[in-house]
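# Architecture at a glance
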Amino acid sequence: MDWCTHELEIPATMWLYPVLGYMPYNAMATEKARGDLAKALSVLEAYLLDKTYLVGEKITLADIHVATSLIYPFSLLCGPEYRSSFPCVMRWFNTCVNQPEFVAVCGTVTLAEKELVAKGGSAAPAAPAAAAAEEDGKKKKKAKNKNKGDGAAAAQQQPPKEKKKKEKKAKEAGEDAEEKPKKAEKPAHIVALETLDKKARSSMSMDAWKREYSNCVTYDAAMEEFWKMLDREGWSLWKQEYQYNSDNKKLFMTSNLCSGFLQRSGEIRKWAFGTCVITGLAEDAEGGPDMSVSGLWLLRGQEITPMLEANPDAEYHTWTKLEDLDSAETQQLVKDFWTRDVGELIEGRPVLDSKVFK
C-alpha cells in the first residue's frame, strides 16, 4: 500500500489535478508525472506477468487498493496508446473492476478513449517511449555500421596512393577517434549550494540536526538543541503558504498535494529540512471544507532560489523569510510547525495532516 501511495497515486494526482482544475497546469511537472506513472506501471507489469492477482490466487485488499487507485488515471488520462504498453496490468485491472463487488461500489469503469488534457497541455505519447527510442537507436547504429562497411569496401578498391591520402585526411580530422561521452552537468542551484559549502563552511550539520529530530526523547529537548545548533549566517528559516487553498476540497487530495511537494524537493534534501502541514476543517466537518496548506523550512543560505529552481511546484507557494529568530513568537512558530500532531493547533487552526521532509 505504501508503494501504491508513493509510486502510483502521487504521479497520477500530479497529472490529474491540472486536468480537473484543482491546481494550475505546469508542463514540466505534468511530463514528470507521466514518466513516473509509466515507471510504476512497468514495475507492476513485470510483477503480473505470471500472476493473476497481486497476492495469492484471489482478490485481496492489495488488489482493491491498487485497482481503485488506477480508476481515475485509466478512465480519464491514459488513452489506448498509453495503456497498450501494459497488457498484464490491463488484464488484471479489468478482472478486478468487473467483479460484482467492485461494480456495486465503484460502478462500471469505462476506459479512456483519449486522454483528457489540461488547458495549455498536450496528449501523452505511448508509454514507455524508451523502447521505441532504443529500437530507433539500434536501427541508426546498424545503418551507420553498414555505411562504414560500404566505405571500407570502396576504400579497398581505390589506388594505394589515393587510399593513403584519404586515411591521412581522416586521421587529421579526428574521424577515427572515439567520441567520449559528456559528463552530465549539475543544475546551477546545486552547484551554487556545493560552492557555498566549500567557501562558507557552516558550523551546523544538517545530518546532525535530522538525527537529533528523529531520535529525540521529547520534541521540547530537540527544539532546545536546534536553537543551539543553528548557524544563522549559513542557514535561513522560511514560512510556506499555498496560494490556491480555495481548491482544497478533499483531505486525501490535499494530502497528496503535500506528498507531491515533498517528493519534488528531493534534489535539495542535503540542504533542507521542513514540514508541510494541512490545517483547518475537512470536507466532512461542520463548516468545512476549509483547508490551508502551509509549512516551515530550514534552508542552506539566505535565499529561497534553490527551492524555487529545484521544485517546479514551489512557485505556487508564497515564501516569507523569518527575520527575528530570537523572539519567543518566532521560536514558538517554528516549534509548532515542526512538532504539532493531528488535532493540535497551529496558528489557532487544528492540524489535519503533517508531513516531514528530512
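These numbers come from a predicted model, not from an experiment.

### Side note on the overall build of the protein
Assigned secondary structure in the protein consists of 15 helices and six strands. Split into buried and exposed, the 358 residues of the protein put 39% on the buried side. A total accessible area of about 20600 Å² is found for the protein, and carbon and sulfur atoms account for 53% of it.

### Digging into the pattern of salt bridges
Two side chains of opposite charge can pair, provided their charged atoms sit close to one another. Under the defined criterion, the tally for this structure stands at 14 salt bridges. Residue Asp36 pairs with Lys32 through a salt bridge whose shortest N-O separation is 2.9 Å. Residue Asp36 and its partner Lys32 are located together in helix 2 (residues 27-47), separated by four residues, close to a single helical turn. You can call Lys32 partly exposed: its relative accessible area is 41%. The shortest N-O distance in the salt bridge between Arg300 and Asp197 comes to 2.9 Å. With Arg300 in strand 3 (residues 290-300) and Asp197 in helix 10 (residues 188-199), this pair connects stretches of sequence that are 103 residues apart.

### Side note on the confidence of the model for the protein
Averaged over every residue, the pLDDT of the protein is 84; the share at 70 or more is 82%. Put simply, helix 8 (residues 130-157) is where the protein has its lowest mean pLDDT, 48, and strand 4 (residues 317-321) is where it has its highest, 97. The model gives residues 128-135 a pLDDT under 50, and that stretch makes three contacts with residues more than four places away or in other chains. Confidence over residues 151-155 falls short of pLDDT 50; this stretch has one contact with residues more than four positions distant or in other chains.

### Quick look at the environment of Lys210
Take Lys210: it is sitting in helix 11 (residues 206-215). Taking relative accessible area as the criterion, Lys210 reaches 11% and is therefore assigned buried. It is 6.4 Å that separates the C-alpha atoms of Lys210 and Lys358, two residues lying 148 residues apart in sequence. Setting aside chain neighbours within four positions, we find Lys210 in contact with Arg269, Ala272, Phe273 and Lys358. Within the local environment of Lys210, its side chain forms a polar contact with the backbone oxygen of Arg269, the two atoms lying 2.7 Å apart.

### Here we look at the side chain of Arg300
Taking relative accessible area as the criterion, Arg300 reaches 4% and is therefore assigned buried. Within the structure, the side chain of Arg300 is placed 2.8 Å from the backbone oxygen of Gly234, a separation counted as a polar contact. Apart from residues no more than four positions distant in its own chain, Arg300 is found in contact with Leu193, Leu196, Asp197, Ala200, Arg201, Ser202, Gly234, Trp235 and Trp271.

### A short note on the packing of helix 1 (residues 2-20) against helix 2
The geometry of helix 1 relative to helix 2 is characterised by a closest axis approach of 8 Å and an angle of 145 degrees between their N-to-C directions. Considering how the two elements wind past one another, helix 1 and helix 2 form a crossing that is left-handed. Residue-level contacts link Trp3, Glu7, Leu8, Pro11, Met14, Trp15 and Pro18 of helix 1 to Thr30, Ala33, Arg34, Asp36, Leu37, Ala40, Leu41, Val43 and Leu44 of helix 2. Its residues placed into classes, the contact of helix 1 with helix 2 shows 12 nonpolar, one polar and three charged.

### Considerations on the sheet that holds strand 1 (residues 235-242)
Pairing between the strands of a sheet is mediated by backbone hydrogen bonds and can be parallel or antiparallel. If you trace the six strands from one edge of the open sheet to the other, you get 4-1-3-2-6-5, paired in antiparallel fashion. Looking at strand neighbours, the two that pair on one side only are strand 4 and strand 5 (345-346), the edges of this open sheet. Bridging between strand 1 and strand 3 involves seven bridges; their strand directions are antiparallel. Across the sheet, the residue bridging to Gln240 is Gly295, located in strand 3.

The rules behind the values
- Residues numbered from 1 in each chain as written.
- Predicted model: local features only at pLDDT ≥ 70, side-chain atom pairs only at ≥ 80, totals over all residues.
- Heavy atoms only, no water.
- Helix = DSSP H or I, 4+ residues; strand = E, 2+ residues; numbered from the N terminus.
- Buried < 20%, exposed > 50% of the residue type's maximum accessible area, 1.4 Å probe, protein only.
- Areas by Shrake-Rupley, 256 points an atom, 1.4 Å probe, with all protein chains shown as cover.
- Salt bridge = Lys/Arg side-chain N within 4 Å of Asp/Glu carboxyl O.
- pLDDT = per-residue confidence, 0-100.
- Contact = heavy atoms within 4.5 Å.
- Polar contact = N/O pair within 3.5 Å; in protein donor to acceptor, adjacent residues only side chain to side chain.
- Axes fitted to C-alpha atoms, helices over the stretch in contact; angles between N-to-C directions.
- Left-handed = near helix turned anticlockwise from the far one by under 90°.
- Nonpolar A, V, L, I, M, F, W, Y, C, P; charged D, E, K, R; others polar.
- Pairing = 2+ DSSP bridges.

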